[in-house]
Amino acid sequence: MTAMLEVKNVSKSFGAVRANESISLEVHEGRIVGLIGPNGSGKTTLFSSIVGAHPVDEGSIRFQGREISRLRVADIARLGLIRTFQQTRIYGGMTCVENMLISASQRGSNLLDLFHIRSAARGRQAEDLLAFVGLHAKRHLRAGSLSFGQQKLLEFAMALMNEPKMLMLDEPTAGINPTLIDGLIDRLKQANATFGVTLFIIEHNMRVIMSLAERIYCLAHGELLAEGRPEEIRNDRRVIDAYLGA
Ligand code: ADP
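Please read all numbers here as calculations on a predicted model, not as lab measurements.

Enquirer: Hey, could you run me through the site of the ligand in this one?
Expert: Around the ligand, the surrounding shell consists of Phe 14, Val 17, Ala 19, Gly 37, Asn 39, Gly 40, Ser 41, Gly 42, Lys 43, Thr 44 and Thr 45. Broken down by secondary-structure element, the contributors of at least two residues to the shell around the ligand are strand S2 (17-27) and helix H1 (43-50). Of the residues assigned to the shell around the ligand, the class counts are 3 nonpolar, 7 polar and 1 charged.

Listed below in structure tokens is the structure:
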């Protein structure tokens, strides 16, 4: 079966820094796949290359069989490949519902889309997704008044507003109170199971990624160090030396 996302021999340098060195990996439709590695190992650079935030130096990136490595972010998002960031990107002065509607408009910027986001259906979808992440009661509150963990949930709901086929999450649990992390894990699993969203997740918290992902890729010094099922990765000597044992 062809993978939904196929990364082949992708390299990317910033000046003298070789951030990604001939990386190849695959994410299959409907799966939850993890990307781990020490700080500076090239995880965020790879995500940025995949979503079109910068051009790659070499290699090919295919999404649903289509070469996307020369497409722009908005065009890739329109194909259903969406990414969230480590830092929350919400508008603190706007309500949760308003943030949801704005998020949906970012997938496209033509007039039809603007008309679309004002529709009643979009409003209902925003409310349903806020309920899904447990924020329905807070839907008319300013997003800036939410706790950090709640803001991350809002951001997750905002990403879902774009109806992604694949969602790429950059450290979704970073900075979240440990007691709220299990709730977020459940929501991620549920989004995967209920909406069929394929998830590709960068995560530092080993407990989180081991319980979420079916397959994990590990980077070190810009190169792919290991890949396998969580239990294989956990016991991989190279991974332990480069990362887990650090
Ligand atoms: P990770 O996400 O695994 O922490 P990054 O992809 O952020 O790693 O960084 C990989 C390497 O590329 C690091 O050495 C980092 O300093 C460098 N790097 C990342 N982005 C840029 C950039 N925009 N300009 C210059 N160097 C960068």
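Enquirer: Help me out: how do you make sense of the domain arrangement of the chain in this one?
Expert: One widely used convention gives an interface's size as the accessible area the parts lose upon coming together. The domain boundaries assigned to the chain delineate domain 1 (1-80 + 164-246) and domain 2 (94-163). Relative placement of domain 1 and domain 2: their C-alpha centres are 25 Å apart. Listed as interface residues are 14 residues of domain 1 and, on the opposing side, 12 residues of domain 2. Considering every element that reaches the side of domain 1 that touches domain 2, the biggest residue donor is helix H7 (residues 178-194), with 4 residues. Taken together, the residues of the side of domain 1 that touches domain 2 break down into 10 nonpolar, 2 polar and 2 charged.

Conventions we followed
Residues numbered from 1 in each chain as written. Predicted model: local features only at pLDDT ≥ 70, side-chain atom pairs only at ≥ 80, totals over all residues. Near = placed C-beta within 6 Å. Helix = DSSP H or I, 4+ residues; strand = E, 2+ residues; numbered from the N terminus. Nonpolar A, V, L, I, M, F, W, Y, C, P; charged D, E, K, R; others polar. Domains from an automatic or database assignment. Contact = placed C-beta atoms within 7 Å.

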